[in-house]
Amino acid sequence: MAHLKTALVVGASGLIGKNLTAYLQSLPDWKVIATSRKPLPGNVETVTVDLLDEADVAVKFATLASVTHVFYTAYQDKPTWAELVAPNMAMLRNVVQTIEKVSPKLEHISFMQGYKVYGAHLGPFRTPAREDDPPIMLPEFMTEQQRYITAAQQGKSWSWSAIRPSVVGGFAPGNPLNLLSLIAVYASISKELNVPFRFPGKPGAYHPLIELTDADLLAKATVWAATTPEAANQAFNINNGDLFRWEEMWPKLGRYFGLETAPPVQLPLAEVMRDKEPVWEALRERHGLQYGYEALSAWPFGDFVFSWDYDFLADGSKARRLGFHEYADTEQMFYRIFDQLRAERVIP
Ligand SMILES: NC(=O)c1ccc[n+]([C@@H]2O[C@H](COP(=O)([O-])OP(=O)(O)OC[C@H]3O[C@@H](n4cnc5c(N)ncnc54)[C@H](OP(=O)(O)O)[C@@H]3O)[C@@H](O)[C@H]2O)c1
């Protein structure tokens with residue numbers, strides 16, 4: 001059967017890009033091309049490119065005339081919010097400017113955002129956040145990316161969609177924003193050291209409402225928004241559709257790992273977990289685990305997520321009103337991904 005659409009997944013080795021690539025490959029009417037500097041699982045046509053290098057993008061994208069849909073999930077992590085802007089804008093600009101030139105069939109550019117557009121990373125924000133909430137003061141790279149895409153699209157035949165997940169449940173080694181694997185590694189080390197599974201966040205972060213986004217659900221929503229005409233040129237909050245509090249979820253996660261829970265004690269993970277590499281390496285050797293400590297040490301992200309002593313949620317009903325009706329059970333998502341991490345020998 002002839003492929004009707006050609007996807008270019010930009011950042012396909014990442015936590016979000018990996019699942020999106022696999023989902024697109026499972027659909028009958030898509031040809032998938034991926035950019036990645038790391039080897040990718042499965043049989044996917046891969047372009048190895050440095051997205052920060054405009055000349056490299058021009059050379060490597062020169063043959064991509066068949067691309068109809070760009071799924072942009074690339075990301076450069078930096079120590080401050082302001083420093084995120086320059087590299088993340090440069091990568092997106094290099095992709096958009098080049099693909100516009102080389103692909104006459106371009107129909108859509110999808111790009112990944114998050115609740116940072118609502119200022120969720122800075123402190124309490126209006127909840128549930130809605131897609132039409134007024135913007136926060138810049139610098140904030142996701143908002144700047146949307147401004148750029150909106151301006152670039154003017155007068156063009158392609159459309160865009162911006163996808164705003166909460167913290168994403170999935171796994172990619174080396175990913176700096178990897179909540180579920182960091183919880184799994186933290187639990188495995190707690191077990192090895194024979195200490196209870198303590199919530200390590202701010203005391204006030206144990207109680208507020210929070211929601212997550214399953215990477216599989218996110219992939220479906222992203223493709224839905226990119227192919228639904230009524231969804232064109234808009235942003236969508238995408239979340240599992242249920243809410244939880246760590247105070248309820250944490251003991252359940254402890255039980256999954258066979259661990260007792262003790263009351264929370266604030267532990268700065270970036271500091272406390274720094275010297276745990278030998279513990280991990282011993283586990284790795286004993287259980288034949290795939291990855292070294294470095295690839296799994298997203299501890300600053302743990303400190304960040306576990307510092308949210310305010311509700312962290314956005315209204316996901318806009319996508320549902322326009323026809324995206326999938327959801328995920330967050331507790332089951334935790335168990336499913338932990339099972340996968342075990343099966344793939346990421347954790348014992
Ligand atoms: N993870 C979450 O929980 C979450 C939640 C909400 C929103 N988001 C947003 O979603 C986006 C993607 O997040 P993610 O967690 O999937 O990120 P990620 O796992 O770090 O993936 C980033 C991707 O970008 C690629 N990349 C970075 N610099 C590159 C360069 N110079 N040239 C080529 N490729 C480059 C990486 O490829 P290499 O491996 O080759 O470096 C990787 O494939 C980000 O904007 C993030 O803020 C993430």
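Residues numbered from 1 in each chain as written. Predicted model: local features only at pLDDT ≥ 70, side-chain atom pairs only at ≥ 80, totals over all residues. Heavy atoms only, no water.

- By the naming in an unreviewed UniProt entry, the protein chain goes by Nucleoside-diphosphate-sugar epimerase and is assigned to Dyadobacter soli.

## A short note on the overall build of the protein chain
Part 1 of the reasoning: Within the protein chain, the regular secondary structure consists of 13 helices and nine strands.
Part 2 of the reasoning: The globule rule puts the C-alpha radius of gyration for 348 residues at 20 Å, and the 20 Å found for the protein chain is close to it.
Part 3 of the reasoning: Considered along the principal axes of its C-alpha atoms, the protein chain spans approximately 60 × 45 × 40 Å.
Part 4 of the reasoning: The buried share of the protein chain, reckoned over its 348 residues, is 55%. (Helix = DSSP H or I, 4+ residues; strand = E, 2+ residues; numbered from the N terminus. Rg over C-alpha atoms; globule rule 2.2 N^0.38 Å. Buried < 20%, exposed > 50% of the residue type's maximum accessible area, 1.4 Å probe, protein only.)

## Looking at the pattern of salt bridges
Part 1 of the reasoning: According to the stated counting rule, one finds 15 salt bridges in the structure shown.
Part 2 of the reasoning: We note a salt bridge from Lys31 to Glu45, for which the minimum N-O separation is 3.4 Å. Of this pair, Lys31 sits in strand S2 (residues 30–35) while Glu45 sits in strand S3 (residues 45–47), and the two are 14 residues apart along the sequence.
Part 3 of the reasoning: A salt bridge links Asp214 to Arg336; the shortest N-O distance between them is 2.9 Å. Remark: Arg336 occurs in helix H13 (residues 330–343) and Asp214 occurs in strand S8 (residues 212–214); sequence separation between them is 122 residues.
Part 4 of the reasoning: Judged by its relative accessible area of 3%, Asp214 is buried.
Part 5 of the reasoning: A single salt-bridge network, built from bridges that share partners, covers Asp214, Asp216 and Arg336. (Salt bridge = Lys/Arg side-chain N within 4 Å of Asp/Glu carboxyl O.)

## Some remarks on the site of the ligand
Part 1 of the reasoning: Near the ligand lie 28 residues; those nearest to it are Ser13, Arg37, Lys38, Gln76 and Asn175.
Part 2 of the reasoning: One of the side-chain N or O atoms of Gln76 is found 2.8 Å from a nitrogen atom in the ligand.
Part 3 of the reasoning: Here Val168 contributes a backbone N or O atom positioned 2.9 Å from an oxygen atom of the ligand.
Part 4 of the reasoning: Protein chains shield 92% of the accessible area of the ligand, which is 890 Å² for the free molecule.
Part 5 of the reasoning: When atoms are counted within 2 Å of each cavity's grid points, the one that captures over half of the ligand is the largest pocket.
Part 6 of the reasoning: Of all the secondary-structure elements, those providing two or more residues to the shell around the ligand are helix H1 (15–26), helix H4 (141–153) and strand S7 (167–169).
Part 7 of the reasoning: Per-class residue counts for the shell around the ligand are 17 nonpolar, eight polar and three charged.
Part 8 of the reasoning: Mapping the shell around the ligand onto the domain boundaries places at least three of its residues in each of domain 1 (5–168 + 214–238) and domain 2 (170–211 + 243–344). (Near = heavy atom within 4 Å. Polar contact = N/O pair within 3.5 Å; in protein donor to acceptor, adjacent residues only side chain to side chain. Areas by Shrake-Rupley, 256 points an atom, 1.4 Å probe, with all protein chains shown as cover. 1 Å grid on protein atoms, 1.4 Å probe; cavity = no way out; pocket = protein on both sides within 12 Å on 5 of 7 lines; lining within 4 Å. Sits in = over half its atoms within 2 Å of the grid points. Nonpolar A, V, L, I, M, F, W, Y, C, P; charged D, E, K, R; others polar. Domains from an automatic or database assignment.)

## Re the packing of aromatic side chains
Part 1 of the reasoning: On inspection of all chains with the given rule, the structure shows 33 aromatic pairs.
Part 2 of the reasoning: When the ring of Phe257 is compared with that of Phe338, the centres are 4.8 Å apart and the planes differ by 55°; the resulting orientation is tilted. On the criterion of sequence distance, the pair formed by Phe257 in the loop between helix H7 (246–256) and helix H8 (269–272) and Phe338 in helix H13 is long-range, its members being 81 residues apart.
Part 3 of the reasoning: Stacked on the ring of Phe236, the Lys or Arg Lys318 has its end atom at 4.7 Å from the ring centre. (Phe/Tyr/Trp six-rings, centres within 6.5 Å; stacked < 30°, edge-to-face > 60°. Lys NZ or Arg CZ within 6 Å of the ring centre and 35° of its normal.)

## Things to note about the UniProt feature "domain: PRISE-like Rossmann-fold" (unreviewed entry) in the protein chain
Part 1 of the reasoning: Here, the residues flagged by UniProt with the feature "domain: PRISE-like Rossmann-fold" (unreviewed entry) are residues 54–348.
Part 2 of the reasoning: With 41% helix and 9% strand, the stretch residues 54–348 has end C-alpha atoms that lie 42 Å from each other. (UniProt positions renumbered as here; feature names shortened; annotations may be inferred.)

## Quick look at the side chain of Asn94
Part 1 of the reasoning: Examined against the element boundaries, Asn94 turns out to sit in helix H3 (residues 85–102).
Part 2 of the reasoning: The exposure class of Asn94 is buried, given its relative accessible area of 6%.
Part 3 of the reasoning: Ignoring anything within four residues of it in the chain, the contact list for Asn94 reads Leu51, Leu52, Asp53, Glu54 and Val57. (Contact = heavy atoms within 4.5 Å.)

## Brief notes about the domain arrangement of the protein chain
Part 1 of the reasoning: Parsing the protein chain into structural domains produces domain 1 (5–168 + 214–238) and domain 2 (170–211 + 243–344).
Part 2 of the reasoning: Domain 1 and domain 2 are separated by 25 Å when their C-alpha centres are compared.
Part 3 of the reasoning: Contacts between the two partners involve 38 residues from domain 1, matched on the other side by 31 residues from domain 2.
Part 4 of the reasoning: Across the domain 1 to domain 2 interface the summed buried area is about 2,800 Å²; carbon plus sulfur atoms make up 65%.
Part 5 of the reasoning: Counting the surface domain 1 buries against domain 2, the share from its top three residues, Leu15, Val167 and Asp214, is 21%. (Buried area = accessible area lost by both parts, 1.4 Å probe.)

## Notes on the layout of surface pockets
Part 1 of the reasoning: Roughly 1,100 Å³ of internal volume is contained in the largest pocket.
Part 2 of the reasoning: In terms of lining, the largest pocket is formed by 45 residues, of which the most central are Thr73, Ala74, Tyr75, Asn175 and Leu177.
Part 3 of the reasoning: Residue assignment for the lining of the largest pocket shows that the elements contributing at least two residues are H1, H4, S7 and helix H11 (299–305).
Part 4 of the reasoning: Here the residues of the lining of the largest pocket sort into 25 nonpolar, 15 polar and five charged.
Part 5 of the reasoning: Two domains share the lining of the largest pocket, each providing at least three of its residues, namely domain 1 (5–168 + 214–238) and domain 2 (170–211 + 243–344).
Part 6 of the reasoning: Taken as a whole, the second largest pocket holds about 300 Å³ of empty space.
Part 7 of the reasoning: The biggest single contributor to the lining of the second largest pocket is H1, with five residues.
Part 8 of the reasoning: Partitioning the lining of the second largest pocket into residue classes produces nine nonpolar, six polar and four charged. (Points joined across faces, edges and corners; volume = space filled by probe spheres on them.)

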